[in-house]
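# What the coordinates show
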Amino acid sequence: MKILVVGVGGRVGTMLAHELSKVHFVMGVGESEKVKKVRAGKVFVEKEGKRERLNVKTIFPEEFLGTERFDFIFLCVKNPVREATRFYFSKIKTENFPILVLPQNGVEAGEEGKEELEKILGEKIKKVEIARVVLFNSVSSFFEEDYLVVEYSLPICLAGAIFWGKEKSGEKLKEIFFQPSFSFQFIPSKDVKNMEYSKLFLNLVGLAAAAEKKDLKDAFFEKEIFKKEILCLREYIRVVKKSGGRFLNFKKIPVKFYASFVEKLPLFLLIFLRKIFAYFFFRKRTHLQKLNLDEVDYYTGAVIKLAKACSVKVLANEEVYSKIKNLILSK
């Protein structure tokens, strides 16, 4: 398979480019300074205590001409995805379009990508397929002098679904992740939104703590913060149900179970059991990266937007959202 990974030099883009290149041909695209760093041999990945240099072919964005045929384009960029989708797909000159893979958090990337492709391609959008992928691993990065190190663990746990296009294209998606570095769960297209709702449930945990300038674990170990976390999650559960959605259990993270636990147990019992719940949550949850508050519009903001669409009040989420936005503005 030939794969274009947009976002090399970033955490997710570097990780995926490195691991996918073990089996497939990978070309990486990234910001100019990051591409220069890759070419200079100054980008490394670290996993299982071992460090390896990122060694993939790279190009600058302006060098992408759209004449080379790729099977997949991974857009490993921050939300929103409209600009990146427009930039790359407006240049493609081959008859066969690559499958667009969107690994962003939130519940809007698929719609944004499809809307942009409709503007660019018109009727030709019928020839394009869009896949949504959700990532469960923690991915962090740090600098050692002039060297960038992207750190993660193996296997890389993912779930993915075809958002737009033929369900059978899921076989191609499964094929690219069929290697020891990955643990991939294919989700039927009919559950693509439920997959996004389920991942968003995980992303919401810790935001009430972050709004109070607290660490993620304080979401479980400080009683008042834990109560706010539960209120936010319960509001979100109501929103998902009112929207016609449901939660899924993934291979290593039983979100459906977590949501049922949060929804049905009395608050006093949840508070009493919170440290036990934290143990299982942290043990199973492999994506405890530092919360990226800059994406709060795609986390709590998404909850508020969904709530307005189905007329559900989410006062706790609105409070958390407002506090985090104020924290961002005060930086």
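Please refer to the structure higher up on the page.
Here is what the cut-offs are and how they apply
- Residues numbered from 1 in each chain as written.
- Predicted model: local features only at pLDDT ≥ 70, side-chain atom pairs only at ≥ 80, totals over all residues.
- Heavy atoms only, no water.
- Salt bridge = Lys/Arg side-chain N within 4 Å of Asp/Glu carboxyl O.
- Helix = DSSP H or I, 4+ residues; strand = E, 2+ residues; numbered from the N terminus.
- Buried < 20%, exposed > 50% of the residue type's maximum accessible area, 1.4 Å probe, protein only.
- Core = buried A, V, L, I, M, F, W, Y, C linked by side-chain atoms within 4.5 Å.
- Contact = heavy atoms within 4.5 Å.
- Pairing = 2+ DSSP bridges.
- Axes fitted to C-alpha atoms, helices over the stretch in contact; angles between N-to-C directions.

### Regarding the pattern of salt bridges
- Within the structure shown, the criterion is met by 32 salt bridges.
- A salt bridge links K193 to E111, with the shortest nitrogen-to-oxygen separation between them at 3.2 Å. Separated by 82 residues along the polypeptide, K193 in helix α6 (residues 192-204) and E111 in helix α4 (residues 109-121) bring together distant segments of the chain.
- Of the charged contacts in the structure, one is a salt bridge between K190 and D191, with a shortest N-O distance of 3.4 Å.
- Classification of D191 as buried rests on a relative accessible area of 7%.
- Three or more residues are tied together by salt bridges with common partners; here these are R82, R86, E115, E116 and K119.

### Describing the nonpolar core
- Grouped together as the largest cluster of nonpolar side chains are 82 residues, with contacts concentrated most on L4, M195, F201 and Y236.
- Here the element with the most residues in this core is helix α9 (residues 223-242); it accounts for nine residues.
- If we ignore the near neighbours within four places in the chain, the residues touching Y236 are Y197, L200, F201, L204, F247, V303 and N317.
- Counting 33 residues, the second-largest nonpolar core is a separate cluster that includes V26, V133, V139 and F177.

### Section: the sheet that holds strand β3 (residues 43-47)
- Strand order in the open sheet formed by four strands is β4-β3-β10-β9, with mixed pairing between adjacent strands. Strands with a single pairing partner mark the edges of an open sheet, and in this sheet they are β4 (50-53) and β9 (139-144). Strand-to-strand, the axes of this sheet are offset by a mean angle of 25 degrees, without reference to chain direction.
- Strand direction decides the pairing type here: β9 and strand β10 (residues 147-152), joined by six bridges, are antiparallel. Among the inter-strand pairings, E144 is bridged to a residue of β10, identified as Y147.

None of the figures reported here should be taken as evidence of function without further support.
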